[in-house]
Amino acid sequence: MKFKIAILGAGNVAWHLAPALEDAGHEITEIYARDIEKAKQITERVYSAEPKDDLDFSESKAKIFILSVKDSAIAEIADQIILPEESILIHTSGTMPLDILGYSSASYTGIFYPLQSFTKGRKIDLDEVPFLLEADDEETLQKLKKLAKSLSPLTYVVRSKDRKGIHVAAVFASNFSNHMIRIAEEIMRRQGADFEMLKPLIIETISKSLQLGAKNAQTGPAIREDYETLEDHHRFLSYNESLAEIYKLISQDIIDS
């Protein structure tokens, strides 16, 4: 089953989804963004989509409307968008519930959450991305399953309350891990050291964690309860109270776990 789809949003997720959906055989009819130039950046990645900066989709040929915007904008856009009859409105948020779309003019609503970190310009193989789905009726859910499976074999039906927990876990696994690497970059730069030295360690750490399980793969002074080294590192970080506190809190959590 192929769908006519409009995408509302021009951020990282939309940048990847639009061409991927088209490559899967679907037709992208419109791309919406408040800044029309940003919408055009996405339409240039597909065959014939129209850029839009207004929310009147009453004459659209699309049947599925994908809200791919920041969480704080979902309710506002859902409330303002004018949709054709028998339309399906879905959002791609990992944390916002299904009922946030409840006051829209859509006939049906759902969730289409790709569990991955997206950055413009960096290629993602969507056939390796899990899609977490939810809908307010079985027929819509089946359509979302077909849509998701046209992109990836990894599709899951997940309720809003469970998806929020998964999203929190994803923040720890992805966003926080990346932030730790950024801190490591800053420390290396402060020491005048080449960050390249840490790359084999980072790669092995992630690989080992996924292979053995994170708990079994844990190494370092905290898991050894090497308090002398921990105190020494804490003193070293005294030039930045925030970093010193982060080090202390995480080390203690490793000890306690």
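Now for a quick tour of the structure. (Residues numbered from 1 in each chain as written. Predicted model: local features only at pLDDT ≥ 70, side-chain atom pairs only at ≥ 80, totals over all residues. Heavy atoms only, no water.)

Quick notes on the overall build of the protein
- In terms of regular secondary structure, the protein is built from 9 helices and 8 strands.
- Judged by the C-alpha coordinates and their principal axes, the protein covers about 70 × 35 × 30 Å.
- Here the protein holds 257 residues, and the buried ones make up 39% of them.
- For the protein, the share of sequence-separated contacts (at least 6 apart) that also reach a separation of at least 24 residues comes to 53%.
- Taken as a whole, the protein presents about 14900 Å² of accessible surface, with 51% of it coming from carbon and sulfur.
- Positive and negative side-chain charges of the protein, numbering 30 and 41 respectively, have mean locations separated by a distance of 2 Å. (Helix = DSSP H or I, 4+ residues; strand = E, 2+ residues; numbered from the N terminus. Buried < 20%, exposed > 50% of the residue type's maximum accessible area, 1.4 Å probe, protein only. Contact = heavy atoms within 4.5 Å. Areas by Shrake-Rupley, 256 points an atom, 1.4 Å probe, with all protein chains shown as cover. Lys, Arg positive; Asp, Glu negative; His and termini not counted. Charge placed at Lys NZ, Arg CZ, Asp CG, Glu CD.)

Focus on the packing of aromatic side chains
- As enumerated under the stated definition, the model contains 4 aromatic pairs in all.
- Taken together, a centroid distance of 5.6 Å and an interplanar angle of 80 degrees make the contact between Phe57 and Phe65 edge-to-face. This pair shows no difference in class: Phe57 is buried, exactly as Phe65 is.
- Each ring, one from Phe172 and one from Phe176, has its centre 4.8 Å from the other, and the planes form 75 degrees; the classification is edge-to-face. With Phe172 and Phe176 both in helix α5 (residues 160-190) and 4 residues apart, this pair spans about one turn of that helix. (Phe/Tyr/Trp six-rings, centres within 6.5 Å; stacked < 30°, edge-to-face > 60°.)

A few points about α5
- Between the first and last C-alpha of α5 there are 43 Å, a value that for 31 residues agrees with the 45 Å anticipated at 1.5 Å per step.
- At Val171, α5 shows its strongest bend, of approximately 35 degrees.
- Turning to α5, its buried residues number three or more, namely Ser160, Arg163, Ile183 and Met188.
- The secondary structure elements touched by the buried residues of α5 are β5 (88-91), β6 (108-114), β7 (131-135) and α9 (241-256).
- Of the residues one or two after α5, Gly192 is the one with positive phi, at around 70 degrees. (Expected span 1.5 Å × (residues − 1). Bend = angle between axes of the 7 residues up to and from the residue.)

So, the nonpolar core
- In this structure, Ile5, Ile7, Leu21, Phe112 and Phe131 are the most contacted members of the largest nonpolar core, which totals 35 residues.
- When contributions to this core are tallied by element, the ones reaching two or more residues are β1 (4-8), α1 (12-23), β2 (27-32), α2 (36-43), β4 (64-67), β5, β7 and α4 (138-149).
- Looking at this core, the element that brings in the most residues is α1, giving 6 residues.
- Among the nonpolar cores identified, the runner-up in size contains 18 residues, and Ala62, Phe65, Ile81 and Leu101 belong to it. (Core = buried A, V, L, I, M, F, W, Y, C linked by side-chain atoms within 4.5 Å.)

Some thoughts on the side chain of Thr109
- Mapped onto the secondary structure, Thr109 falls in strand β6.
- Taking relative accessible area as the criterion, Thr109 reaches 8% and is therefore assigned buried.
- With near-sequence residues (within four places) excluded, Thr109 lies in contact with Leu89, Leu98, Leu101, Ser104, Ala135, Asp136 and Thr140.

Examining the packing of helix α8 (residues 227-236) against α9
- At a minimum axis separation of 9 Å, α8 and α9 run at an interaxial angle of 160 degrees. With respect to α9, the element α8 is oriented roughly antiparallel. Where α8 crosses over α9, the two elements pack in a sense that is right-handed. Of the residues in α9, those in contact with Tyr227, Leu230, His233 and His234 of α8 are Ala244, Tyr247, Lys248, Ser251 and Ile255.
- For the contact of α8 with α9, the class distribution of residues is 5 nonpolar, 3 polar and 1 charged. (Axes fitted to C-alpha atoms, helices over the stretch in contact; angles between N-to-C directions. Parallel < 35°, antiparallel > 145°, perpendicular 65-115°, else oblique. Left-handed = near helix turned anticlockwise from the far one by under 90°. Nonpolar A, V, L, I, M, F, W, Y, C, P; charged D, E, K, R; others polar.)

Concerning the sheet that holds β5
- In spatial order, the strands read β3-β2-β1-β4-β5-β6-β7-β8; together these 8 strands make up an open sheet with mixed pairing. Two strands close off the open sheet at either side, each with one partner strand: β3 (50-52) and β8 (155-157). Neighbouring strand axes in the sheet, compared pairwise and without regard to direction, differ in orientation by 25 degrees on average.
- Of the strand pairs in this sheet, β2 and β3 are connected by 3 bridges, and their pairing is parallel. When the bridges of β3 are listed, Tyr32 appears paired with Lys52.
- Taken strand by strand, helix α3 (residues 71-80) contacts β1, β2, β4 and β5, and its axis lies near 150 degrees from that of β4. (Pairing = 2+ DSSP bridges.)

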